[in-house]
Amino acid sequence: RTNTFGAVLRVRNAAQNAIHSYFQKKGFIQVHTPIITSNDCEGAGETFEVATPKALSASIAKDRKMQATERGSQEFFSTTAYLTVSGQLEAEIYATSLSRVYVFSPAFRAERSNTTRHLAEFWMLEPEVAFADLNMNLDMAEEFTKFAIQHCLDNCTEDMEFFDKRIEPGLIKKLNGYLSSPFERITYTEAITILQDSGQKFEFPAKWGDDLAREHEKYVLGDWIK
């Protein structure tokens, strides 16, 4: 019942409303993808496994590392099941027939990291559009982000003012800056060049072909792009 949690929940509610309002107006169809699934969509293996007590007990009794195919008879689904990390695979199938769809549902990641950037459970928005190129995706991402920000500013004025005064001074000014400015767009190659020419000493040197590390993203977004 604190002011902060009340404001957070009201803004969260408004943001969810903005998600549905934007995509419904754009002709998207919301689809619901499985929470329990046999696939690891991201391919990183950082999934929460789902098992009944019977299957778990049998697995522990025989061998904790036994392969799924060996313990299949004990599995509830006759195969290993996980909490979903993404609804992308199913959404892509829907998009081939419905053209424009979006998924907004819980996702789970079993990453052992105690930082604010890693969540074991969170709600994820995943739009899928058939026959869209990269520029169309970027245009829609920018338009949606600005729509959601404006929606929260318009419908949660007092809460946003509370955040601006008590939680993050200058927040409203920063958000209005996002609304009034086009989002900067650079290619991967341009980002690597910026990092290599920066004169900064990074823990992980920037090389073409490698993924960008968080320190690289912070420099490009925080120091180079104003």
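Here the structure is a predicted model, which is why all the values come from computation and not from measurement. (Residues numbered from 1 in each chain as written. Predicted model: local features only at pLDDT ≥ 70, side-chain atom pairs only at ≥ 80, totals over all residues. Heavy atoms only, no water.)

With respect to the helices and strands, Ser105 occurs in strand E5 (residues 100-108). For Ser105, a relative accessible area of 14% gives the class buried. Discounting residues that sit within four places of it in the chain, Ser105 has contacts with Thr33, Phe122, Trp123 and Met124. (Helix = DSSP H or I, 4+ residues; strand = E, 2+ residues; numbered from the N terminus. Buried < 20%, exposed > 50% of the residue type's maximum accessible area, 1.4 Å probe, protein only. Contact = heavy atoms within 4.5 Å.)

Spatially, three strands are ordered E2-E4-E3 in an open sheet, and the strand pairing comes out antiparallel. Of all strands in the sheet, those with a lone pairing partner are strand E2 (36-37) and strand E3 (49-50), marking the two edges. Where E3 meets strand E4 (residues 81-83), two bridges bridge the pair, whose relative direction is antiparallel. Opposite Val50, over in E4, you have Ala81 as the bridge partner. (Pairing = 2+ DSSP bridges.)

A few words on the layout of surface pockets. Estimates place the volume of the largest pocket at around 670 Å³. Considering the residues around the largest pocket, the lining is formed by 22 residues, among which Phe183, Glu184, Arg185, Leu221 and Ile225 are closest to the centre. Elements represented by at least two residues in the lining of the largest pocket include exactly helix H4 (134-155), helix H6 (171-180), helix H7 (188-196) and helix H8 (214-224). In terms of residue count, H8 provides more of the lining of the largest pocket than any other element does, four residues in total. Class assignment of the residues belonging to the lining of the largest pocket gives a composition of 13 nonpolar, three polar and six charged. Listing elements by their share of the lining of the second largest pocket, those giving two or more residues are helix H1 (3-25) and strand E6 (121-129). Take the lining of the second largest pocket: its biggest share by element is four residues, from H1. Here the lining of the second largest pocket is built from residues that sort into seven nonpolar, one polar and one charged. (1 Å grid on protein atoms, 1.4 Å probe; cavity = no way out; pocket = protein on both sides within 12 Å on 5 of 7 lines; lining within 4 Å. Points joined across faces, edges and corners; volume = space filled by probe spheres on them. Nonpolar A, V, L, I, M, F, W, Y, C, P; charged D, E, K, R; others polar.)

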